[in-house]
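Each chain, written out:
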Amino acid sequence: NGDTCTQDLPAFISQVVNQTTKNLLRIQGMGIKKVVITGLPPLGCLPATTSFNMFQQCNDSQNQLVTLHNFLLRQSIADLNPNNNDTSFMLLDMFQ
């Protein structure tokens, strides 16, 4: 069912961000001092997505999911930074 898959995406996005956070802690454990994490670009505006409407309109549903991912990632990075004196994490926002 397509609706069920779409409803499961926010939970999946949360799992992806949680795993990314664990991976960032592993990177920190290797002694890396500065880490830049790239957020997702507006995937709903890619040509493969916009070709269905003659490249005139982005897919808002996809971009809302990207916005959720980037928001959760930004929160995670903000939570990591105060707890890590030696490592600095920074988000590169590709959406704007």
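In the block above lies the structure referred to throughout.
In short, a report on the structure. Just so you know, these numbers come straight off a predicted model, no measurement behind them.

**Considering the overall build of the protein chain**
For the protein chain, the helix and strand inventory stands at three helices and two strands. Each helix (α) and strand (β) of the protein chain, taken in turn from the N terminus, gives the series α-β-α-α-β. Expected size for 96 residues packed as a compact globule is a radius of gyration near 12 Å; at 16 Å, the protein chain overshoots this value by more than 25%. In terms of overall dimensions, the protein chain has C-alpha extents of about 50 × 30 × 20 Å along its principal axes. When the 96 residues of the protein chain are sorted by exposure, 23% land in the buried category. Sequence separation of at least 24 residues holds for 65% of the intrachain contacts in the protein chain that already meet a minimum separation of 6. In the structure as shown, the protein chain presents an accessible area of about 6700 Å², 57% of it carried by carbon and sulfur atoms. When the 5 basic and 6 acidic side-chain charges of the protein chain are each reduced to a single mean position, those positions are 16 Å apart.

**A look at the environment of asparagine 18**
Its place among the elements puts asparagine 18 in helix H1 (residues 2–29). When the C-alpha atoms of asparagine 18 and threonine 50 are compared, they prove to be 30 Å apart, with 32 residues separating the residues in sequence.

**Brief notes about the state of the cysteines**
In a disulfide, the sulfur atoms of two cysteines are covalently bonded to one another. On inspection of all chains with the given rule, the structure shows one disulfide. A sulfur-sulfur distance of 2.0 Å marks the disulfide that ties cysteine 45 to cysteine 58. Between cysteine 45 and cysteine 58, the S-S torsion sits near 115°, and that sign places the bridge as right-handed. One end of the pair, cysteine 45, is in the loop between strand S1 (34–38) and helix H2 (47–50); the other, cysteine 58, is in the loop between H2 and helix H3 (60–80), and 13 residues separate them in sequence.

**Points about the pairing of S1**
Across the two faces of S1 the burial differs, with Val35 and Ile37 buried and Lys34, Val36 and Thr38 not buried at all. By the bridge criterion, five bridges tie S1 to strand S2 (residues 88–92) in an arrangement that is parallel. The residue of S2 that forms the bridge with valine 35 is phenylalanine 89.

**Observations regarding the environment of phenylalanine 89**
When you line up the elements, phenylalanine 89 lands in strand S2. Expressed as a C-alpha distance, the spacing of phenylalanine 89 and valine 35, which sit 54 residues apart in the sequence, is 4.9 Å.

What counts and how
- Residues numbered from 1 in each chain as written.
- Predicted model: local features only at pLDDT ≥ 70, side-chain atom pairs only at ≥ 80, totals over all residues.
- Heavy atoms only, no water.
- Helix = DSSP H or I, 4+ residues; strand = E, 2+ residues; numbered from the N terminus.
- Rg over C-alpha atoms; globule rule 2.2 N^0.38 Å.
- Buried < 20%, exposed > 50% of the residue type's maximum accessible area, 1.4 Å probe, protein only.
- Contact = heavy atoms within 4.5 Å.
- Areas by Shrake-Rupley, 256 points an atom, 1.4 Å probe, with all protein chains shown as cover.
- Lys, Arg positive; Asp, Glu negative; His and termini not counted.
- Charge placed at Lys NZ, Arg CZ, Asp CG, Glu CD.
- Disulfide = S-S within 2.5 Å.
- Pairing = 2+ DSSP bridges.

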